[in-house]
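# Summary of the model geometry
Here is what each chain is made of, one letter per residue.
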Amino acid sequence: MDARPREPQTKRDSRARSQTPLVVAIDGPSGSGKSSVSRAAARGLNAAYLDTGAMYRALTWWLLERGIDLADADAVAQAAPGCPIRMGMDPLAPTVAVGDIDVGAAIRTERVTSRVSQVAIVPAVRGLMCRWQRELIAEATSRAGAVVAEGRDVTTVVAPDADVRILLTASEDARLARRARQTHGSVDAGAIDATRDLVLERDRVDSTVSEFTSAIDGVTLLDTSHLDFRQSVDAVLAIVENSWGTAGSG
């Protein structure tokens, strides 16, 4: 696998103290806003940005393209190490590629979205992804000095020792409305109903292998149900400043 991050276009956060790398881990359920908020927070921190969920999606796309039966966990586990995922971690223009193919749009289609949980729950795949993601986080901090990594098990499994760990959540109604607006461009009853099963079922399946519904010790819970996008980003940045700023000044 070639998952080396491209050199971030941003520079290191000017608030960094004593050249200490900063790792911010953010988890959350579907529709919580974690991807857009995490990316904006990374820009605000002059940090690299890693979307770990996109890696599972890229692998799912690659397996489907090769005709692998996703219901066959052994086949998925055997094939997965050969997937040449490449992550571009510039928060201004993050990219996802498999080999030389840009799959940024393809991995957001229903074809992948409806199947990614089948891949993500395979234990061997999760172990492989955890190793790849830790390598990317380490390389990103060495290049940019800071990284914001988001997903479903970053705070608990991938980076449990991250400097700042946040669980971003929202009410079911708020999450469904956000995903309906993103997917269908509307929040009317039809759009909400078309979104409901996909979002809630994916959360149900993924929650069998990772904890992203409640904050464990050391993880800050941020409920964005009644926050707009800018307020959510500002809240994340405030948590980082309060947590890391305090640690950095000690």
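Everything below is about the structure printed above this text.
Read on for an overview of the structure. (Residues numbered from 1 in each chain as written. Predicted model: local features only at pLDDT ≥ 70, side-chain atom pairs only at ≥ 80, totals over all residues. Heavy atoms only, no water.)

All right, on to the pairing of strand β1 (residues 22–27) then. Strand residues, when the strand is regular, have side chains that alternate between the two faces of the sheet. Of all 6 residues in β1, 6 are buried; the element is thus mostly enclosed. Burial along β1 is two-sided: Leu22, Val24 and Ile26 facing one way and Val23, Ala25 and Asp27 facing the other are all buried. Where β1 lies against strand β6 (residues 146–151), 6 bridges are found, and the strand directions are parallel. For Val24, the partnering residue across the bridge sits in β6 and is Val148. (Buried < 20%, exposed > 50% of the residue type's maximum accessible area, 1.4 Å probe, protein only. Helix = DSSP H or I, 4+ residues; strand = E, 2+ residues; numbered from the N terminus. Pairing = 2+ DSSP bridges.)

So, about the pattern of salt bridges. One pass over the structure, following the stated rule, counts 6 salt bridges. Of the charged contacts in the structure, one is a salt bridge between Glu135 and Arg131, with a shortest N-O distance of 3.5 Å. Highlighted residues: Glu135 and Arg131, both in helix α6 (residues 123–144), separated by 4 residues, approximately one helical turn. With relative accessibility at 43%, the residue Arg131 sits in the partly exposed group. (Salt bridge = Lys/Arg side-chain N within 4 Å of Asp/Glu carboxyl O.)

Turning to the side chain of Thr141, a few remarks are in order. Relative to the elements of secondary structure, Thr141 occurs in helix α6. Residue classification places Thr141 among the buried residues on the basis of a relative accessible area of 15%. Setting aside residues no more than four positions away along its own chain, Thr141 makes contact with Pro21, Leu22, Val23, Ala146 and Val147. (Contact = heavy atoms within 4.5 Å.)

The pairing of strands in a sheet happens through backbone hydrogen bonds and is either parallel or antiparallel. Strand order in the open sheet made by the 5 strands is β2-β6-β1-β7-β8, with parallel pairing throughout. In this open sheet, the two edge strands, each paired with only one partner strand, are β2 (48–51) and β8 (220–223). The sheet shows a mean angle of 20° between the axes of neighbouring strands, taken without regard to direction. Where strand β7 (residues 164–169) meets β8, 4 bridges bridge the pair, whose relative direction is parallel. Residue Leu168 lies in a different strand from β8, and its bridge partner there is Leu222. (Axes fitted to C-alpha atoms, helices over the stretch in contact; angles between N-to-C directions.)

Bringing the sheet that holds strand β5 (residues 101–102) into the picture now. The strand order β3-β4-β5 describes an open sheet built from 3 strands, whose pairing is antiparallel. Looking at which strands have only one partner, the edges of the open sheet turn out to be β3 (85–88) and β5. Inspection of the sheet shows strand β4 (residues 95–98) paired to β5 by 2 bridges, in the antiparallel sense. Among the inter-strand pairings, Ala97 is bridged to a residue of β5, identified as Asp102.

This paragraph deals with the pairing of β6. Among the 6 residues that make up β6, 6 are buried, leaving the element largely enclosed by the rest of the structure. The alternating pattern of β6 places Ala146, Val148 and Glu150 on one face and Val147, Ala149 and Gly151 on the opposite face, and all of these are buried.

Our focus in this paragraph is the environment of Ile107. Positionally, Ile107 belongs in the loop between β5 and α4 (110–113). Owing to a relative accessible area of 0%, Ile107 belongs among the buried residues under this scheme. With sequence-adjacent residues up to four places away left out, Ile107 is seen in contact with Ala54, Arg57, Ala58, Trp61, Val96, Val112 and Thr113.

The terminal C-alpha atoms of helix α1 (residues 34–45), which comprises 12 residues, lie 16 Å apart, in line with the 16 Å expected from a rise of 1.5 Å per residue. Regarding α1, the residues found buried are Lys34, Val37, Ser38, Ala40, Ala41, Ala42 and Leu45. Looking at the residues trailing α1, positive phi occurs at Asn46, about 55°. (Expected span 1.5 Å × (residues − 1).)

Don't take any of this as a statement about function, it's just geometry.
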